[in-house]
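# Notes for the structure review
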Amino acid sequence: MQRTPPEDSSVPRPSPSLAFSLPLVAWVAALALAGCASAPPPTPRPEAVKAPLPPTAPPATAGAPSLDAPASTGGPVMGVDHVAGFAAWRDAFSAQALQAGIQPRTVRDVLGRAQWQPRVVELDRAQPEFTRAPWTYLDSAVSPQRIAQGQAKLAEHSATLEAAAARYGVPTTVVTAIWGMESNYGSNFGTFRTVDALSTLAYEGRRRTWAQTELLAALRIVDQGDIAADRMLGSWAGAMGHTQFLPSVFLAYAVDADGDGHRDIWGSVPDVAASTAHFLARSGWQAHETWGAEVLLPPSFDHARADPGTRQTTAQWEAEGVKATDGQALPTLSGAFIVSPAGARGPAFLVGANFRAILRYNNSVNYALAVALLSRQIGGGGPVVAAWPRDLAPLSRQQLQELQEALNRKGFAAGTPDGVMGPATRAGLRGYQRSMGVVADGYPTVELLERLTAPE
């Protein structure tokens, strides 16, 4: 999921006594509108599914949207009275919730008491000044402490995790690794009430359509009785529980594994394990495959081909001279491709369908690699063999934007300059590297930026 900054638990929460009540006239109007609309059929309860089914379309990512997602237009003007504006928005949105089939009692008692959370807006608008190098990210994500905690959790809940693995074909170590990545094994899954956070984001307007959709899903969860609104806690961006499901993902993939009639990803480890495994299974996880392996690339390897779009069989990669670092045969992978997150100077990995399934959880190569490596070491495997190029300083967002602008000026299309290293920027940078006669790995460095921006 994320990748959202940790919440500031020191920010005081508004007292429930300050909760607003919906004006009577708004309720009359909302109920009248609801009476004219036909409610959609309730979402089927996924816990009734006893075996994973192939998804008809790629599932939504489990966590919150990237901080780099484009902003929506509109939203409240900064500096206005947000408390009053939020109350007016909430009254108006009540009619939309009723039209969507949310029960009047939930609209009144849950949405009607939603609180404006300025800290949510602060976190949503915050952008890190510097990007993190892959090795810095992995040092933290796959730390010795997290590995040891994962091994302890795996031992403590072995029967529960094995049951989820048997049902969905996802290894216990992978589910445990995601648990560790998302909430540090349940020790920090957020303190924001999900309805408050999503209501604030829906009113604030940067991602209004997305937030409104997730808010309606959260209200539907309350309607279905899975969790009380005051226990529906998560991150500022609406991701919830031990493994940080968004409300819409919860509705589609959460599982009642302990049989108590509720899908509880906040308090039931069986539900957490089964729900996470169910999501991955429906995202394309192949039970007979591993996620991948660290590999050695041949000296003649074209690093521009280290890209998710370049897929072929394991045998084809072997024929090109790609070898496993441990000297064993390469694993058989579906649609195998190479990832080298630090460019030509760093480690390389051959990955396949299961790596792509992890990317459905959080569309970040660094995140997927962290889950894969953490799961391997929780299971007793070793760390990365090749050295990371730790002498390379990461570029700041401003420097990345300057690099994008310079590439565009020189005719190497890098997309809209936004300070985010995406596929278009990587392709443009590779084109520039080819023109300079250097390895075209698409990895941004200070040296390349200086070359691009040097006076001609």
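Definitions and cut-offs
Residues numbered from 1 in each chain as written. Predicted model: local features only at pLDDT ≥ 70, side-chain atom pairs only at ≥ 80, totals over all residues. Heavy atoms only, no water. Buried < 20%, exposed > 50% of the residue type's maximum accessible area, 1.4 Å probe, protein only. Helix = DSSP H or I, 4+ residues; strand = E, 2+ residues; numbered from the N terminus. Phe/Tyr/Trp six-rings, centres within 6.5 Å; stacked < 30°, edge-to-face > 60°. pLDDT = per-residue confidence, 0-100. Contact = heavy atoms within 4.5 Å. Salt bridge = Lys/Arg side-chain N within 4 Å of Asp/Glu carboxyl O. Polar contact = N/O pair within 3.5 Å; in protein donor to acceptor, adjacent residues only side chain to side chain. Pairing = 2+ DSSP bridges. Core = buried A, V, L, I, M, F, W, Y, C linked by side-chain atoms within 4.5 Å.

## Considerations on helix 14 (residues 353-361)
Most of helix 14 is tucked away: 7 of the 9 residues are buried. When we look at burial in helix 14, the residues that qualify are Ala353, Asn354, Phe355, Ala357, Ile358, Leu359 and Tyr361.

## As for the packing of aromatic side chains
In this structure the tally under the stated criterion is 16 aromatic pairs. Centre to centre, the rings of Phe86 and Trp116 are 6.1 Å apart; their planes meet at 50°, and the pair counts as tilted. Pair noted here: Phe86 is in helix 2 (residues 82-99) and Trp116 is in the loop between helix 3 (104-109) and helix 4 (118-125), with a separation of 30 residues, a long-range link. Phe86 gets classed as buried once you look at its relative accessible area, which sits at 0%. With a centroid separation of 5.8 Å and an interplanar angle of 80°, the aromatic rings of Phe86 and Tyr203 are classed as edge-to-face. One end of the pair, Phe86, is in helix 2; the other, Tyr203, is in helix 9 (residues 194-204), and 117 residues separate them in sequence. Across the pair, Tyr203 and Phe86 agree in class, each one buried.

## Section: the confidence of the model for the protein chain
When pLDDT is averaged along the protein chain, the result is 86, and 83% of the positions lie at 70 or above. Below pLDDT 50 for its whole length, residues 2-58 participates in 105 contacts with residues either more than four positions away or in separate chains. Across residues 66-74 the pLDDT falls below 50, and counting only partners more than four positions away or on other chains, this stretch makes 26 contacts in the model.

## Details of the pattern of salt bridges
Applying the stated criterion across every chain yields a total of 16 salt bridges. The salt bridge involving Asp124 is made with Arg206; its shortest N-O contact spans 2.9 Å. A residue pair is termed long-range when its members are at least 10 positions apart, and Asp124 in helix 4 and Arg206 in the loop between helix 9 and helix 10 (208-224) qualify at 82 residues. Comparing Asp124 with Arg206 shows no difference in burial state: the two are buried. With a closest N to O distance of 2.7 Å, Arg345 and Asp391 form a salt bridge. Residue Arg345 is found in the loop between strand 5 (337-339) and strand 6 (348-351), and its partner Asp391 is found in the loop between helix 15 (365-378) and helix 16 (397-409); the two are separated by 46 residues along the sequence. Three or more residues are tied together by salt bridges with common partners; here these are Arg108, Asp109 and Arg113.

## Side note on the side chain of Thr172
By secondary structure assignment, the location of Thr172 is in helix 8 (residues 172-183). What makes Thr172 buried here is its relative accessible area of 12%. Those residues in contact with Thr172, other than ones at most four positions away along the chain, are Leu154, Leu161, Glu162 and Ala165.

## What to know about the environment of Thr243
Relative to the assigned elements, Thr243 resides in the loop between strand 2 (233-234) and helix 11 (247-253). Using a relative accessible area of 1% as the deciding quantity, one classes Thr243 as buried. Separated by 29 residues in sequence, Thr243 and Val272 have C-alpha atoms that sit 7.0 Å apart. Of the polar contacts made by the side chain of Thr243, one reaches the side chain of Thr276; its length is 3.0 Å.

## Things to note about the pairing of strand 6
Of the two faces of strand 6, the one holding Ala348 and Leu350 and the one holding Phe349 and Val351 are both buried throughout. Where strand 3 (residues 292-296) meets strand 6, 4 bridges bridge the pair, whose relative direction is antiparallel. Bridge pairing links Ala293 to Leu350 in strand 6. In this structure, strand 5 lies alongside strand 6, joined through 3 bridges in antiparallel fashion.

## Overview of the nonpolar core
Nonpolar side chains tend toward joint burial in soluble globular proteins. Among the nonpolar cores identified, the biggest contains 100 residues, and Phe245 and Phe355 are the most heavily contacted of them. Of the residues forming this core, the biggest block, 9 residues, is contributed by helix 15. Judged by nonpolar contacts, the second largest core, of 12 residues, contains Phe301, Trp317, Ala324 and Ala336.

## What to know about unusual backbone geometry
Of note in this structure, Asn184 is not a glycine but carries a positive phi near 50°. With respect to the helices, strands and loops of the structure, Asn184 is situated in the loop between helix 8 and strand 1 (192-193). Despite not being glycine, Gln244 has its phi angle at roughly 55°, a positive value. As for its position among the elements, Gln244 is in the loop between strand 2 and helix 11. For Gln244, a relative accessible area of 5% corresponds to the buried category.

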